[in-house]
Amino acid sequence: MQTLRLVLPFSLLSGLVFAANVVSSDRFLLKILDRSVSLQDVTYQHRNLEALRCVYDDAILVQFMGASFVKEVGDFIANFPVDDDEVRKYLHGKEALLRQLRFFFKLLRYSEDQRTDVSPKLAKLIRSSARENKCNKAVLYNGALKTNFTSLLETELYLRTRYGNQLKVNQPFEVVRPSIELFIESLDKQFTHEYYW
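Fair warning: this is a prediction, and the values are worked out from it, not measured in the lab.

Draft legend 1. Inspection of empty space enclosed by the protein at higher detail. Tallied over the full model, the rule gives one cavity of 30 Å³ or more. Approximately 30 Å³ is the volume found for the largest cavity. As for the largest cavity, its lining consists of Val42, Gln45, His46, Leu49, Phe69, Val73, Leu101, Phe104 and Phe105. Elements with a minimum of two residues in the lining of the largest cavity: helix 2 (39–55), helix 4 (67–78) and helix 6 (95–113). Looking at the lining of the largest cavity element by element, the count peaks at four residues for helix 2. Looking at the lining of the largest cavity residue by residue, the class counts come to seven nonpolar, two polar and no charged.

What follows is the structure, given as structure tokens:
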């Protein structure tokens, strides 16, 4: 009986040590409807936006969000603090960027609900274009597109379907920007959100 009492605490302790090695950490930034967006989600979508910009030099989503948005998100990730008190200050100092991220993730969520499919033919074209243009291959997985990159592509396809007709040859993107802004404003009112300060 004495041995059993010694073995149980040891096995619990070794289980905790094993669990400590397996657990990774992430930070939730905001919640849209019933889904939380974490720093890791932002990191993946930053990578995806860079790849989208590489594959489609005229991507509507990148043009709407702006090239500066992609750079700001990269800086936001790179400078993200570890300490909780510092995180709160950091997030409050980045409210304008968080607002843009909110719009971006609401648009992703909306287009996901529209069930715009990326056809196998288009996926193959994107894969070959990514290789040919030497884009970030982290969006590829075993010869296919990663799920979160496919989600971003669905958003791009949705925007192209909705606003592509308004973009005629040699017409500046600014012609459709007001229409997309109105759409995003309506999404922002329609989809609830909450920040995790």
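Draft legend 2. Structural context of the side chain of Arg102. Mapped onto the fold, Arg102 is located in helix 6. Ignoring anything within four residues of it in the chain, the contact list for Arg102 reads Leu30, Ile32, Asp188, His193 and Tyr195.

Draft legend 3. View of the packing of helix 2 against helix 4. Helix 4 packs onto helix 2 with a crossing angle of 145 degrees between their chain directions and a minimal axis gap of 10 Å. The handedness of the crossing between helix 2 and helix 4 is left-handed. On helix 4, the residues touching Leu39, Val42, Thr43, His46, Leu49, Glu50 and Arg53 of helix 2 are Ala67, Phe69, Val70, Val73, Gly74, Phe76 and Ile77. Counted by class, the contact of helix 2 with helix 4 contains nine nonpolar, three polar and two charged residues.

Draft legend 4. How the structure looks around the sheet that holds strand 5 (residues 193–195). Sheet architecture is open: three strands sit in the order 2-1-5, paired in antiparallel fashion. Both edges of this open sheet fall to strand 2 (35–38) and strand 5, since each of them pairs with a single strand only. When strand polarity is set aside, the average angle formed by the axes of neighbouring strands in this sheet is 25 degrees. Lying on the sheet, helix 2 is in contact with strand 1 (28–32) and strand 2; it crosses strand 2 at an angle near 70 degrees.

About the criteria used
Residues numbered from 1 in each chain as written. Predicted model: local features only at pLDDT ≥ 70, side-chain atom pairs only at ≥ 80, totals over all residues. Heavy atoms only, no water. 1 Å grid on protein atoms, 1.4 Å probe; cavity = no way out; pocket = protein on both sides within 12 Å on 5 of 7 lines; lining within 4 Å. Points joined across faces, edges and corners; volume = space filled by probe spheres on them. Helix = DSSP H or I, 4+ residues; strand = E, 2+ residues; numbered from the N terminus. Nonpolar A, V, L, I, M, F, W, Y, C, P; charged D, E, K, R; others polar. Contact = heavy atoms within 4.5 Å. Axes fitted to C-alpha atoms, helices over the stretch in contact; angles between N-to-C directions. Left-handed = near helix turned anticlockwise from the far one by under 90°. Pairing = 2+ DSSP bridges.

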